[in-house]
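A closer look at the structure
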Amino acid sequence: MICTVFIDESGDTGITKIRDQNSGGSSPFFCLGAVVMRRATQIETRKLLDQLQEDFRKTKRWKHATDLNHAQKVHFAKTLAAKRLRFYGLISNKSTLEEYKSQIDWDPHKFYNKCITYLLELVGADLIKFSNEFLEPQIVVEQRNHNYDTLRRYIVKVKENPIYPESKYLSAINPFGLIAKSKDEEDLLRVADFVAHSLYSCVNKTPDNFGHTEPRYWNELSSRFATDNNGKVLGSGIKCIHSLEQVDLDADVAELISQARGKPTQLVFPA
């Protein structure tokens with residue numbers, strides 16, 4: 001019953017200079033996506049990715065959702081939504097970080113560690129609901145320029161000295177089960193990448209998209225996100241730092257996320 005958590009990101013972790021309409025810089029938002037799979041599901045999902053590559057035969061082997069066009073992303077989202085996968089996500093609006101940026105010395109690596117830990121709290125809370133046999137999963141994050149020992153030590157610190165109630169769910173997580181791999185080494189990271197991209201598309205506004213967000217991909221995936229006992233996704237499958245209001249989404253997107261529902265009694269981890 002061993003499972004693996006695959007985690008990827010969309011946006012960047014820079015917090016010193018944030019881009020706006022008049023100047024460049026880091027992305028205003030940072031998003032994370034995660035998918036939990038048991039071993040048999042991993043085999044099935046690898047076959048699914050191979051089939052999608054056949055479907056996208058005019059596109060070279062993609063590593064990131066940004067390599068796909070809109071129609072391909074919609075197809076990817078619909079295909080994933082039809083599978084019994086379980087997703088988790090995080091959205092951070094960097095404009096809300098305020099004094100926290102100075103507390104961490106404007107260090108993007110510390111910001112990343114904090115966000116990963118928040119996401120693992122969601123995953124841990126969900127795993128605890130199912131079975132002790134799901135606890136302490138392997139965790140695979142996409143390789144980036146980062147010191148993963150500091151991340152592991154940070155998770156240990158929060159786990160051993162939980163200040164907030166949510167931190168108790170890290171009891172389900174073994175920080176030393178966390179490894180970093182590239183997408184060339186682990187193609188299932190492409191699923192986590194797409195989950196993160198679906199959230200980032202809900203907040204990303206650039207001249208290229210004329211300032212319009214695209215919630216379609218996330219909306220297609222929304223029923224596969226973890227939920228509370230009432231089927232509500234927000235707060236269980238998605239963490240907005242530190243609230244939906246603070247993330248400051250467009251009204252229509254905020255409504256979609258706040259009203260999103262899954263199937264807590266039917267959506268179980270496949271064998």
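Residues numbered from 1 in each chain as written. Predicted model: local features only at pLDDT ≥ 70, side-chain atom pairs only at ≥ 80, totals over all residues. Heavy atoms only, no water.

Before going further, it helps to examine the layout of surface pockets. By volume, the largest pocket is sized at about 1200 Å³. Lys 114, Tyr 118, Glu 121, Tyr 164 and Ser 167 are, among the 44 residues lining the largest pocket, the residues nearest its centre. When residues of the lining of the largest pocket are traced back to their parent elements, those giving at least two are helix 3 (99–103), helix 4 (108–130), helix 5 (148–160) and strand 6 (238–241). No other element matches the 13 residues that helix 4 contributes to the lining of the largest pocket. In this model, the second largest pocket occupies a volume close to 450 Å³. Forming the walls of the second largest pocket are 19 residues, and the residues nearest its centre are Arg 19, Gln 21, Pro 28, Lys 205 and Thr 206. (1 Å grid on protein atoms, 1.4 Å probe; cavity = no way out; pocket = protein on both sides within 12 Å on 5 of 7 lines; lining within 4 Å. Points joined across faces, edges and corners; volume = space filled by probe spheres on them. Helix = DSSP H or I, 4+ residues; strand = E, 2+ residues; numbered from the N terminus.)

Evaluated as defined, the whole model comprises 15 salt bridges. Measuring nitrogen to oxygen at the nearest pair gives 3.7 Å for the salt bridge that ties Lys 183 to Asp 193. Of this pair, Lys 183 sits in the loop between strand 5 (178–181) and helix 6 (189–200) while Asp 193 sits in helix 6; the two residues are 10 residues apart in sequence, bridging distant segments of the chain. A single burial state applies to Lys 183 and to Asp 193, both of which are buried. Between Glu 220 and Arg 216 there is a salt bridge, and its shortest N-O distance comes to 2.9 Å. Taken together, the residues Glu 220 and Arg 216, both in helix 7 (residues 216–221) and 4 residues apart, mark about one turn of the helix. Sharing partners across several salt bridges, the network here consists of Asp 8, Glu 142, Lys 183 and Asp 193. (Salt bridge = Lys/Arg side-chain N within 4 Å of Asp/Glu carboxyl O. Buried < 20%, exposed > 50% of the residue type's maximum accessible area, 1.4 Å probe, protein only.)

Within this structure, the stated rule accounts for 7 aromatic pairs. Aromatic pair Phe 30 and Phe 111: ring centres 5.6 Å apart, planes at 55°, arrangement tilted. Residue Phe 30 is located in strand 2 (residues 29–38), and its partner Phe 111 is located in helix 4; the two are separated by 81 residues in the primary sequence. Per residue, the accessibility class of Phe 30 equals that of Phe 111, and both read buried. Each ring, one from Trp 218 and one from Phe 225, has its centre 6.1 Å from the other, and the planes form 50°; the classification is tilted. Accessibility classification places Trp 218 together with Phe 225 in one group, the buried group. Site record: aromatic cluster; members linked through ring pairs are Phe 56, Trp 62, Phe 76, Phe 194 and Tyr 217. (Phe/Tyr/Trp six-rings, centres within 6.5 Å; stacked < 30°, edge-to-face > 60°.)

Quick look at the confidence of the model for the protein chain now. Detailed reading of the predicted model is not advised wherever pLDDT is low. Averaged over the protein chain, the pLDDT score is 90; the fraction of residues at 70 or greater is 95%. Here helix 3 stands out as the element of the protein chain with the lowest mean pLDDT, 88, in contrast to helix 6, whose mean of 98 is the highest. (pLDDT = per-residue confidence, 0-100.)

Before going further, it helps to examine helix 2 (residues 70–81). Along its 12 residues, helix 2 runs 16 Å from first to last C-alpha, staying within 8% of the 16 Å computed at 1.5 Å per residue. Listed in full, the buried residues belonging to helix 2 are Gln 72, Lys 73, Val 74, Phe 76, Ala 77, Thr 79, Leu 80 and Ala 81. Of the surrounding secondary structure, the elements contacted by the buried residues of helix 2 are helix 1 (39–55), strand 3 (86–93), helix 6 and helix 7. Here helix 2 starts with a cap whose side-chain oxygen sits 3.2 Å from the backbone nitrogen of Ala 71, and that cap is Asn 69. (Expected span 1.5 Å × (residues − 1). Contact = heavy atoms within 4.5 Å. Polar contact = N/O pair within 3.5 Å; in protein donor to acceptor, adjacent residues only side chain to side chain.)

Here we come to the sheet that holds strand 3. Reading across the sheet, the 6 strands line up as 5-4-1-2-3-6 and stay open at both edges, with mixed pairing between neighbours. Both edges of this open sheet fall to strand 5 and strand 6, since each of them pairs with a single strand only. Averaged over all neighbouring strand pairs, the angle between strand axes comes to 20°, with direction disregarded. Judged from the 4 bridges that link them, strand 3 and strand 6 form a sheet pairing that is parallel. Note that in strand 6 the partner of Ile 91 across the bridge is Cys 240. Contacting strand 1 (3–11), strand 2, strand 3, strand 4 (138–142) and strand 6, helix 4 crosses the sheet at an angle of about 150° to strand 3. (Pairing = 2+ DSSP bridges. Axes fitted to C-alpha atoms, helices over the stretch in contact; angles between N-to-C directions.)

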